[in-house]
Amino acid sequence: MVVVIIMCAVLASCGIVSNNVRFHSPKNFASKSRFPSRSVPWRPPAALPLNFRITTKLDMPEKDSIEDSWPKNKLPRVAPPVAPRTVPAANAPCAVCGQPLPGFDPNNYAVGSGGIKQPKVHVWLWSTSEYSNLSLTTVEKGIEYNTSYHVYYKNDDGPLSPWHDIPLFANEGNKIFNMVVEIPRWTNAKMEISTKDALNPIKQDIKKGRLRYTANVYPHHGYIWNYGALPQTWEDPNHIDEATGCKGDNDPIDVCEIGFRVAKRGEVIQVKILGVVALIDEGETDWKLIAIDVNDPMAPQLSDISDVEKYMPGYLKATVEWFKIYKIPDGKPENQFAFNGDAKERDFAHKVIMETHEAWQNLVLGISDAGGLNISSVVVPNAKFKISVSDAEKIVDNAPESGPPQPIDPKVDLWHYVTLK
Ligand SMILES: [Mg+2]
């Protein structure tokens, strides 16, 4: 019997305020006022609005062509019935808004308004927000910590599915992804995008008829990162992953966001990916991406998985231990990991994302069997099932009425002490 002493890596994350970490103004980062010089005491920025969009270029390695670094899919791509596979020729309309796109030349290189050559892209236009406006707000319906609770999304045109209709990319050229925050750091309520309900609202998971709360396994309080998912991804349960030998878990891919700010439930934040851990949860592949909010003051220093241990010592180790033991208080065995629990690097993580993005494409087009999943979309062209804006509004209007939150059972605060064999 070996008692596993769990390092409190939550404290490690506080390394962002330690004296030996400097805050540099990232090059090319337009919002420099939020990164003052070292002579000015650094203060956290105010909470970002939900509809914050990336308009700046990040301090990341420059590539002439995304082809050099963007992973090739190891699986043969299944051709969608109609949708384009590369950026279209000049003046083709945007698949989302229908407006003509700024001049793309015939060899599929985009030339922006300033004559700046942009990288070749190989995803569908509705999976990038380069040319679409992401002005999201959330609508809370029902009673919090009750089965009636639903968080819906809408933009200026009406309700949207956070799974199918929020673009995967916030900025494809810089590999910045949108992340839907389901569970803010240090909370326990297991909120998640409901994959089986129309419009895929965020709801609290139910196990054996009871609302699910993740146990506090000493010394962790709830989740030790902002936890959520990347939209427009799917871990296909009918596909055996080459790397793990296990099938997917039938959900969008999960993300652990390690920045300092405690995000709000439902918030859509922009993250860069640093690496990925291959959790095997009850025999299913359950990738856990490690990412950081691009607006976090540590973001310029963190470019790959090795930087996490360098600047946030202990956080990765605590992350792996957290996933290993978090279901033990529920009577489940400890979870296993592929790659001996080692986190894989950024480029590997990008490859995994693109595979799950392709799996989602096949799902939403009706090429893959959806099982009991709700794959209806409001804006994805050629989706097998579409929801009209008026029907989407009816779904939100008919959701349960809001009310004061239901009190959380004090038992949720229990400490659980875990001994591993
Ligand atoms: Mg998962």
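Chains are numbered independently. Their residues run from 1 in the order of the written sequence. Owing to the predicted nature of the model, reporting of local features is limited to residues with pLDDT of at least 70; listing and counting of side-chain atom pairs is limited to 80 or more, with chain, interface and lining totals taken over all residues.

Per an unreviewed UniProt entry, the recorded name for the chain is Inorganic pyrophosphatase, and the organism is Petrolisthes cinctipes. UniProt positions are given in the numbering used here, feature names are shortened, and annotations may be inferred rather than shown by experiment. Per UniProt, the comment on the chain under Sequence similarities (unreviewed entry) is "Belongs to the PPase family." We quote the UniProt Subcellular location (unreviewed entry) comment for the chain here in full: "Cytoplasm".

Here we come to the confidence of the model for the chain. A score from 0 to 100, pLDDT tells how confident the predictor is in each residue. In this model, the chain carries an average pLDDT of 76, and 68% of its residues clear a pLDDT of 70 or more. Under a pLDDT of 50 for its full length, residues 1-132 has, in the predicted model, 192 contacts with residues more than four places off or in other chains. Note on contacts: each residue gets a C-beta atom placed from the backbone, and two residues are in contact if those atoms are within 7 Å.

Moving on, we get to helix α4 (residues 346-364). By the criteria applied, helices consist of DSSP H or I runs no shorter than four residues and strands consist of E runs no shorter than two, each listed in order from the N terminus. Any helix carries an expected span of 1.5 Å times its number of residues minus one. Between the first and last C-alpha of α4 there are 27 Å, a value that for 19 residues agrees with the 27 Å anticipated at 1.5 Å per step. G366 lies just past α4 and shows a positive phi near 90°.

Next up on the list: the environment of V217. Turning to its location among the elements, V217 is positioned in strand β12 (residues 216-217). Distance in space between the C-alpha atoms of V217 and K327 is 9.2 Å, their sequence separation being 110 residues. With sequence-adjacent residues up to four places away left out, V217 is seen in contact with I325, Y326, P329, H416 and V418.

Now for the nonpolar core. Core membership is restricted to buried Ala, Val, Leu, Ile, Met, Phe, Trp, Tyr and Cys residues, and these are joined into a nonpolar core through C-beta atoms within 7 Å. Neighbour counting defines burial: a residue surrounded by 20 or more other C-beta atoms within 10 Å of its own C-beta is buried, one with 12 or fewer is exposed, and intermediate counts give partly exposed, using backbone-placed C-beta atoms. By size, the foremost hydrophobic cluster in this structure holds 84 residues, and its most contacted members are M179, L289, I290 and A291. Ranked by residues supplied to this core, first place goes to strand β16 (residues 268-281) with nine residues. Setting aside its immediate chain neighbours within four residues, A291 contacts M179, V255, C256, E257, V271, K272, I273 and L274.

Below, the discussion takes up the pairing of strand β4 (residues 150-155). Sheet analysis places strand β3 (residues 137-141) next to β4, joined by five bridges and oriented antiparallel. Bridged to T138 within β4 is Y153. With antiparallel pairing between neighbouring strands as the criterion, β4 and strand β5 (residues 158-160) make up a hairpin whose turn holds two residues. By this definition, two strands are paired if DSSP reports at least two bridges between them.

The amide bond that connects Y218 to the next residue, P219, takes the cis arrangement and shows omega of 0°. Within the secondary structure, P219 is located in the loop between β12 and β13 (226-229). If you check the backbone angles, W186 has positive phi at about 70° while not being a glycine. One can find W186 in the loop between β7 (176-183) and β8 (191-193). Positive phi, close to 50°, is recorded for E282, a residue that is not glycine. You can call E282 exposed: it has 12 C-beta atoms within 10 Å.

Moving on, we come to the environment of G366. Within the fold, G366 resides in the loop between α4 and α5 (389-397). Linking G366 and K384, residues 18 residues apart in sequence, is a C-alpha distance of 5.3 Å.

Within β7, eight of the eight residues are buried, which leaves the element mostly enclosed by the surrounding structure. By the bridge criterion, two bridges tie strand β6 (residues 169-171) to β7 in an arrangement that is antiparallel. Its bridge partner being in β7, N171 is matched across the sheet by I176. In this structure, the hairpin formed by β6 and β7 is closed by a connection of four residues, where K175 is found at a positive phi of approximately 55°. When β7 meets β16, the two strands line up antiparallel, connected through five bridges. Residue pairing in the sheet places M179 in a bridge with I269 of β16. Note: β7 against β13, three bridges, orientation antiparallel.

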